Amino acid sequence: MMQSLDLGSREEGKLWHRKPSPTTLQGVIINIIHSTTGYHSKTIRFLNVAFDSSGDSLLAGDHQGNIYVFELLGNRFKLVQRTAQACTALAFNLRRKTEFLVALADYSIKCFDTDSRELVSWMRGHDSSVSSISVHGSGRYAITSSADTAQLWDLDTFQRKRKLNIRQSVGIQKVFFLPLSNTIISCFKDNSVFAWEFDTLCCKYQLPSPIEGSALRYKVFAVTRDGRVLAAGGKSNHLHLWCLESKQLLRIIQMPTKVRAVRYLEFLPDSFDAGSNQVLGVLSQDNILRFINIRTCKLLFEVGSQEGISVVALSPNGRYVAAVMDNGSLNIYSIQALTQEINKPPPPLFRVIEESKSKFDTDKLTVRVASGISEKPWKSKAGKIQTKVLRPQPDLSHEDKENELPDGLNKKRLQTLLKGFGEYPAKYRMFVWRSLLHLPENHLAFSSLLDKGTHSAFVHLQNDYPIKSRKLLRVLQRTLSALAHWSTIFGELPYVPLLAFPFVKLFQNNQLICFEVVATVIVNWCQHWFEFFPNPPVNVLSMVENILAHHDKELLQHLMNYNITSQVYAWPLLETMFSEVLTREEWLKMFDNIFSNHPSYFLMVVAAYIICSRAPLLHCNQKEDFEYFFHHRNNMDINVVIKEAYHLMECTPTDIHPQRMLDDFVPLTKGQYPIFNKYPKFIVDYQSQERERIRQDEIEYLRERQLVHEVEAKAIERRVEDETWYRKQELLREAEEQRRKILLKEEEKLAEQRRRLAAVKRELKVKELQLLEAARRRFLKYQQDQREMELRRLDDEIARKASMRDQETAATVQDVEVRQMELESQRRLFQQKLLKEKETMTQEVRGELDTSRRKADLEEHLLQRLIETEQDGEQTSRQLVEECLAKVNQEHLDTDWRAQVLQKQRNDDMDRDRCYQEVAKLLRNNRATEAELLDAMKTEEAKKWEEVLEKREHLAAEEAVTAALDANRKRFLEREMNDALELAVKLQDKDGYFVVSVTQQEPCLLSTERLRDLRASQPRQSLELQQVSCKAQPQPGNTCLNDSSGVDSSAHFSLDRGRQELENREREMMAEVRQLRQKLMSQARAKQTPTVDAQWSS
C-alpha cells in the first residue's frame, strides 16, 4: 500500500514510520502533499524538484516559496527556507553539499545553506524568468538561462563571469554544461545548436540543421552522462538523436500517434553502462512519462498513467524518480520496482524512421518497424492455448560474462548492494572479495614458491619491522619471500612490507589467499608503479596531481607554495594502502568499494581523501605538519571520501582520467602465476646480481676461514704426533717438513690470488660509483628540464590570465565612461529645460510689468488732462476756492495712495509668507521623498497645480478688489470732471470766458469748442482705461506696484523702489528653489549604479 505524508505546518519530521515497499505496478514509495488548515483549507502546489549529486536527497519548492529537503536514506524532511515567492528553477548539486540555488519569480537567483538556513548570496541580472540552472561537474560554476539571455556565474565568488547576448528575434531554449567535459551547449529557438569551449568561450562547432522538410522545433534536450549523444524534441512525436563527436544525426525515433508534443527529456542514469545511457525518459503532452530504449526502440515502462505528471526529475544514481503531479502533490517512485517487468515483451510502439551515418543519405538508410500490436498466444485446433517455455540463451553477451563471478555471484548485484549499504556484510566480506578478485587458488604453484625458502632480502625482517606476534611475522616473511621468488623486484622494493602488511594481518590464517590477494592487488591496482624504480612512481603520482589540479586548484596551489609534492601527500597513502590513516573498519569499507570498481578508482580515493582534508591542510604551513598528517589517523568520515571518489570518477575529464591510462581488471591465471616483469629489469638484475655476488663472497670467505682452522688443527695434531713419535718416525717428520713447505707455497699463491681479487673488486666498485654518478646527473638534469617546462607553462598561464583581466578591465572602463557621458547629457538636457522654463516665466513677468506700466501711464495722462482742464476752467475770482478744492482733492488722492500702498505691502507680505511656507513645505517633501525621486516629483507637481489653482482663485479675488478700486477712482474722476465742466459752463454762461492761473498765474482764454472737445473725449478715455485694466490681469505669484494714478514724482519713486526690492527677493527665492532641485537630482543620480554587461568573447 502506498504511503502518504502531509507536511502541514511542520518544519521537520520523518518521511515514513515503516520502511516502504513499493508495488511493481505503481512503484510509488511515498506521496507527499502540503495542505494548510484554517478558515479556507487548501493544498499548496509543488512547482520544482531537484536531486543532489548523490541522488539520496531531494529538494522541492512549492507555490508559496517554501523549500523542503527530503533525505530518502535518512528518512527525514526539513523546511530549509521560506522565500515568500514562487521558484522557477532549482539546483542542488553544488560543490558545497549543503548549498543550493533557487531562481525566483522576481528574476533573481539566491543561494541558501540547508544547515544554517541563511542567505549565502543574491545574484541579479536577468530581465525575464529563469527557466533552467545548469551546474558544472565540479560544482564551481553555474549557467542560468532565460528567454533572452544566459549568464555564467562563479559559485565561489558569486560573481557573473560572462553573459550570452543574442538578437531579439532569436530566443534561447536552453544552455547547459556537457557532463565530464568543459563544453557548453546552447540551443536556440531557430533550431541552431552551438558548442562553446568553457575556458575561452570560443565556439567549438555547430550542429548541422536537421533534414529538410522536418517541422520539428526543438524545445527540450537531454545528454547522456558521457556527453556523446544529444536527444532533442519539441511539438512533434519525433525525437532526434545527435552524435556530438561526429556532429551527425544518428536516428529519428517516432513516438505513438497519441504523443503530439514532448515536454521533458532525460536519460536514466546507470552506474554500469560507463555513461552511455540507453534508457530515455520522455514526458509528453498527455502528462505520461515513458521510458524507452533508444537502441531497440522498445517501451520499457510508463509512469503517471493514472495521475498526470507536470514536472519530473531523475536521481543521478538511477534509483528514484521525483514527479510533481497535476494535483500539486509530489510522488517519489522506485526505479527498481518499476523495472521488474522489463523482461516481459512489450508491444513495439516505436519505429525507427531514420538511422544514418550522414544527414544527406536518408533514403537508403531508413529502417521501418511494424506497428505496435502485441501478439496473443496462438490456439490449437482443439481450442487450448499452447504455451511455450522461454529458455535462457546459452550465449551470453560480453557484458554479462564480465558481470558473472565465481560461486554464483553477480558483479552488478554486488555493486547495487554496496551502493545501498556502503559496505559488504562482515560475515561474507572475505567470500565476496575472493569472488571479485577471481582468486585461482594455485596450491601447487604457491607450494613451489614456499619451498624455495626465505628470500635473502627478508632474512632480517624482524630487525626492520619488530612485530610482537611471531606468527604474524612468520606469515609476513613467507608471503614477502614468495613474492620475491615470484618476481625479483619485490625483493628490492623497500615498501613491499608496508603494502602487504594489512592483507597479511587480514588473511594470516590462509597464506595462499593472502599471497594471491596481494599479488592481484599488485598486478591490477599497482599498475605502472615500478617503471621508475628505485624512485617512486612519478607517472601515477602525476595522475593524482592532475586530478587535484582540476578539482581543487586552491589546495594544490597551497601545497606548491610550501614545496609539498605528490611524494609527500599522495605516495604515503599509496605505499601503505591507507593502513596508517584509517581504522580497520574504515579500511575494510574503503577496499569494498576499491575491489568493486575499476583500478582507477584507487587513485580517485587518494584524490578524494586529499580534497576532503582541504580544511586542515590549508592551515598547515610546515613540511613536518604535512608529513605527520599523511602518516597518522585523522578525523575523517570515510563515507564522505567514498562519495567524493565516485563524484570524481564521474566528473573528471577524459583526458586526465586515470581510466585512460590504466588497464581493466585482469585476474591471476589458473595453474601457474603470470610472469611479472613490468619494471626496469636491468636495474633490478644488477642489484640482485650484486647482492648474490656479495653473498657468494661472504660464503667463500667463511669457507676459507674454516679451512684455515682445519689446517691449524691438523698442524697441531701432527706436531703432537711428531713430538711423541720423534724418535720412531724421523723419516716421516722429514716428509712432514716437505709437506709443510708445500703448504706454505700454496698459502702464498692463495694470498696472491686474494690480492688480485681485491684489486678487481676495487675496479668494479669504482665503475659502479661512476655509473651511479652518471645516473644521478642524468636524473637531476631530467628534473631540471621538467621544472623549467613547468615554469614556462606557469608563465604562459599567468600572462594569459593577465591579458584577459586587462581586457575585462578595459571593457568595464569603457562601459563606465559611456554611462558617465549618458548621465552628463541627461544633466545638460535637464539644465536646458530649467533655463527654458525660467526664460518663459521671465517673459511672462515682463509682459505683465509692461501692461501695468501702460495702464499707469494712461491713468497719469488722464489725470494730467483733468488737471489741465481744471487749470484752464478756473477763474481768477475763484482762485481761493479752487485752491481749497485742489488741496481737498490732493488730500483725497494722498489718502487713496497711502491706502493702496498699505494694501499692496500687505499683499506682498502675504505673498512672501506664502512663498516661504511653500518653499519650506517643498524642502520637507523633498527630504521625505528623496529615495523615490520620480514619485516625489509627480506628487510635488500635483501639489504645485493645486497651489496654482488656489493662487488663481486668490488672484481673482484680488482682481475683483482692484477692479472695485479702479471703479471708485473712475467714478471720482468722472464726478470731479463733471463738476469742473458744470462750473465752466456756468461761468461761460455768465461771463463768456474764465481764466485759470495756478502755477504761473497767466491768463488763458478757453473757447466753447475746447470744453466741448473735453466733454467728448471723456467717454473715450474712460473706455481706454477699462480696456487697459482688463488687459492688465496679473499672473499667479506676480505683483504690480506701478498701477496707481494721480500721484506725484515722489510717490512714483517710492513705488518703483518697492517693486525693485520685490523683484530682487523673487529672483533670490527662485535661485534657492533651483539650487534645491539640482541637489535632489544629483543625489538621485548618485544612488543609481550602472550595470556592466559582459559578453562572451572569442
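Structure: above.
Presented here is a report on the structure given in the accompanying data block. (Residues numbered from 1 in each chain as written. Predicted model: local features only at pLDDT ≥ 70, side-chain atom pairs only at ≥ 80, totals over all residues. Heavy atoms only, no water.)

**Some details on the packing of helix H8 (residues 496-506) against helix H9 (residues 511-525)**
Logical step 1: At a closest axis distance of 9 Å, the pairing of H8 and H9 adopts a crossing angle of 140 degrees. One way to sum up the angle between H8 and H9 is to call them oblique. Judged by the sense of rotation from one axis to the other, the crossing of H8 with H9 is right-handed. Contact residues: Leu499, Ala500, Phe503 and Val504 in H8; Cys514, Val517, Val518, Val521 and Ile522 in H9.
Logical step 2: Residue classes in the contact of H8 with H9 are distributed as nine nonpolar, no polar and no charged. (Axes fitted to C-alpha atoms, helices over the stretch in contact; angles between N-to-C directions. Helix = DSSP H or I, 4+ residues; strand = E, 2+ residues; numbered from the N terminus. Parallel < 35°, antiparallel > 145°, perpendicular 65-115°, else oblique. Left-handed = near helix turned anticlockwise from the far one by under 90°. Contact = heavy atoms within 4.5 Å. Nonpolar A, V, L, I, M, F, W, Y, C, P; charged D, E, K, R; others polar.)

**Examining the side chain of Ser284**
Logical step 1: Looking at the secondary structure, you find Ser284 in strand S27 (residues 279-284).
Logical step 2: Not counting residues up to four positions away in its chain, the partners in contact with Ser284 are Val259, Ala261, Val262, Arg263 and Arg290.

**Focus: unusual backbone geometry**
Logical step 1: Positive phi is not limited to glycine here, since Asn75 has a value of about 55 degrees.
Logical step 2: One non-glycine residue with positive phi stands out, namely Asn191, at about 70 degrees.
Logical step 3: For Asn191, the location among the structural elements is in the loop between strand S19 (183-188) and strand S20 (193-197).
Logical step 4: Judged by relative accessible area, Asn191 falls into the buried class, the value being 11%. (Buried < 20%, exposed > 50% of the residue type's maximum accessible area, 1.4 Å probe, protein only.)

**Thoughts on the pattern of salt bridges**
Logical step 1: Throughout the structure, instances matching the rule amount to 34 salt bridges.
Logical step 2: Across the salt bridge formed by Glu99 and Arg96, the nearest N and O atoms sit 3.0 Å from each other.
Logical step 3: Note that Arg614 is salt-bridged to Asp552, the shortest N-O span being 2.7 Å. Of this pair, Arg614 sits in helix H16 (residues 614-618) while Asp552 sits in the loop between helix H10 (538-551) and helix H11 (553-561); the two residues are 62 residues apart in sequence, bridging distant segments of the chain.
Logical step 4: What emerges from the salt-bridge pattern is a single network uniting Arg95, Arg96, Glu99, Arg140 and Asp156. (Salt bridge = Lys/Arg side-chain N within 4 Å of Asp/Glu carboxyl O.)

**Looking at helix H18 (residues 638-651)**
Logical step 1: The end-to-end C-alpha distance of H18, which contains 14 residues, comes to 20 Å, matching closely the 20 Å that a straight helix rising 1.5 Å per residue would cover.
Logical step 2: Among the residues making up H18, those that are buried are Ile638, Val641, Ile642, Glu644, Ala645, Tyr646, His647, Leu648, Met649 and Cys651.
Logical step 3: Where H18 is buried, its residues meet helix H3 (411-421), H10, helix H14 (584-595) and helix H15 (600-612).
Logical step 4: One side-chain oxygen of the residue at the start of H18 lies 3.2 Å from the amide nitrogen of Asn639, identifying that residue as Asp637. (Expected span 1.5 Å × (residues − 1). Polar contact = N/O pair within 3.5 Å; in protein donor to acceptor, adjacent residues only side chain to side chain.)

**Focus: the sheet that holds strand S8 (residues 66-71)**
Logical step 1: Reading across from one edge, S2-S9-S8-S7-S6 is the order of the five strands in this open sheet, with antiparallel pairing throughout. With one partner strand each, in any of the chains shown, strand S2 (12-13) and strand S6 (46-51) form the two edges of the open sheet.
Logical step 2: Note: S6 against strand S7 (residues 57-62), five bridges, orientation antiparallel. Pairing of Val49 across the sheet is with Ala60, part of S7. (Pairing = 2+ DSSP bridges.)

**Here we look at the pairing of S7**
Logical step 1: Taken across its six residues, S7 has six buried, putting it largely inside the fold.
Logical step 2: In textbook terms, the turn of a hairpin is the stretch between consecutive antiparallel strands, and for S6 and S7 this stretch comprises five residues, one of which, Gly55, has a positive phi near 85 degrees.
Logical step 3: Bridging between S7 and S8 involves five bridges; their strand directions are antiparallel. Bridge pairing in S8 links Gly61 to Ile67.
Logical step 4: Between S7 and the antiparallel strand that follows it, S8, lie three residues; Gly65 among them carries a positive phi value of about 90 degrees.

**Some details on a nonpolar patch on the surface**
Logical step 1: Among the surface-exposed residues, Met560, Leu791, Leu794 and Ile798 lie close enough to one another that they form a single nonpolar patch of about 350 Å² accessible area.
Logical step 2: Owing to a relative accessible area of 56%, Ile798 belongs among the exposed residues under this scheme. (Patch = residues over 30% accessible without salt bridge, like charges linked within 9 Å, V, L, I, M, F, W, Y side chains within 5 Å. Areas by Shrake-Rupley, 256 points an atom, 1.4 Å probe, with all protein chains shown as cover.)

**Some points on the sheet that holds strand S1 (residues 3-6)**
Whether parallel or antiparallel, the strands of a sheet pair through hydrogen bonds between backbone atoms.
Logical step 1: Spatially, the five strands line up as an open sheet ordered S1-S3-S32-S31-S30, and their pairing is mixed. Either end of the sheet is taken by a strand with one partner, and the two such strands are S1 and strand S30 (309-314). Averaged over all adjacent pairs, the angle separating strand axes in this sheet is 20 degrees, with direction ignored.
Logical step 2: Judged from the five bridges that link them, strand S31 (residues 320-325) and strand S32 (residues 330-334) form a sheet pairing that is antiparallel. Across the sheet, residue Val324 finds its bridge partner in S32, namely Leu330.

**Remarks on the environment of Arg793**
Logical step 1: Checked against the element boundaries, Arg793 lands in helix H20 (residues 730-873).
Logical step 2: Only 2.4 Å separates the side chain of Arg793 from the side chain of Glu790, close enough to count as a polar contact.

**Thoughts on the pairing of strand S15 (residues 141-146)**
Logical step 1: Burial runs high along S15: six of the six residues are buried.
Logical step 2: Where burial is concerned, the two faces of S15 agree: the one with Tyr141, Ile143 and Ser145 and the one with Ala142, Thr144 and Ser146 are both buried.
Logical step 3: As defined by bridge partners, strand S14 (residues 130-135) adjoins S15 across five bridges and the pair is classed as antiparallel. Across the sheet, the residue bridging to Ser134 is Ile143, located in S15.
Logical step 4: Hairpin connection, S14 to S15: the antiparallel pair is bridged by five residues, and Gly139 has positive phi, about 75 degrees.

**Structural notes on the packing of H14 against H15**
When two helices pack together, their arrangement is given by the angle between the helix axes and by the axis-to-axis distance.
Logical step 1: One way to put it is that H14 packs onto H15 with a least axis distance of 8 Å and a crossing angle of 140 degrees. With respect to their mutual orientation, H14 and H15 come out oblique. Residue-level inspection shows Met590, Asn593 and Ile594 of H14 in contact with H15, the latter providing Tyr601, Phe602 and Val605.
Logical step 2: Grouping the amino acids of the contact of H14 with H15 by side-chain chemistry returns five nonpolar, one polar and no charged.

**Side note on the nonpolar core**
Note on soluble globular proteins: their nonpolar side chains tend to be buried together.
Logical step 1: Trp529 and Phe578 are the most contacted members of the largest nonpolar core, which totals 105 residues.
Logical step 2: When sequence neighbours within four positions are dropped, the list of residues in contact with Phe578 reads Leu573, Trp587, Met590, Phe602, Val605, Val606 and Tyr609.
Logical step 3: Among the nonpolar cores identified, the runner-up in size contains 23 residues, and Leu7, Leu79, Leu330 and Ile332 belong to it. (Core = buried A, V, L, I, M, F, W, Y, C linked by side-chain atoms within 4.5 Å.)

**Remarks on the packing of aromatic side chains**
Logical step 1: Counted by the stated rule, this structure contains 36 aromatic pairs.
Logical step 2: Centroid distance Phe515 to Tyr673: 5.2 Å. Interplanar angle 70 degrees. Geometry classified as edge-to-face. Residue Phe515 is located in helix H9, and its partner Tyr673 is located in the loop between H18 and helix H19 (681-724); the two are separated by 158 residues in the primary sequence. Each member of the pair, Phe515 as well as Tyr673, carries the same accessibility label: buried.
Logical step 3: Grouping aromatic residues by their ring pairs yields a cluster made of Trp433, Phe503, Phe507, Trp525, Phe578, Trp587, Phe591, Phe595, Phe602, Tyr609 and Phe665.
Logical step 4: Just above the ring of Trp122 sits the side chain of Lys110; from NZ or CZ to the centre is 4.2 Å.
Logical step 5: Over the ring of Tyr205 we find Lys247; its NZ or CZ atom is 4.5 Å from the centre of that ring. (Phe/Tyr/Trp six-rings, centres within 6.5 Å; stacked < 30°, edge-to-face > 60°. Lys NZ or Arg CZ within 6 Å of the ring centre and 35° of its normal.)

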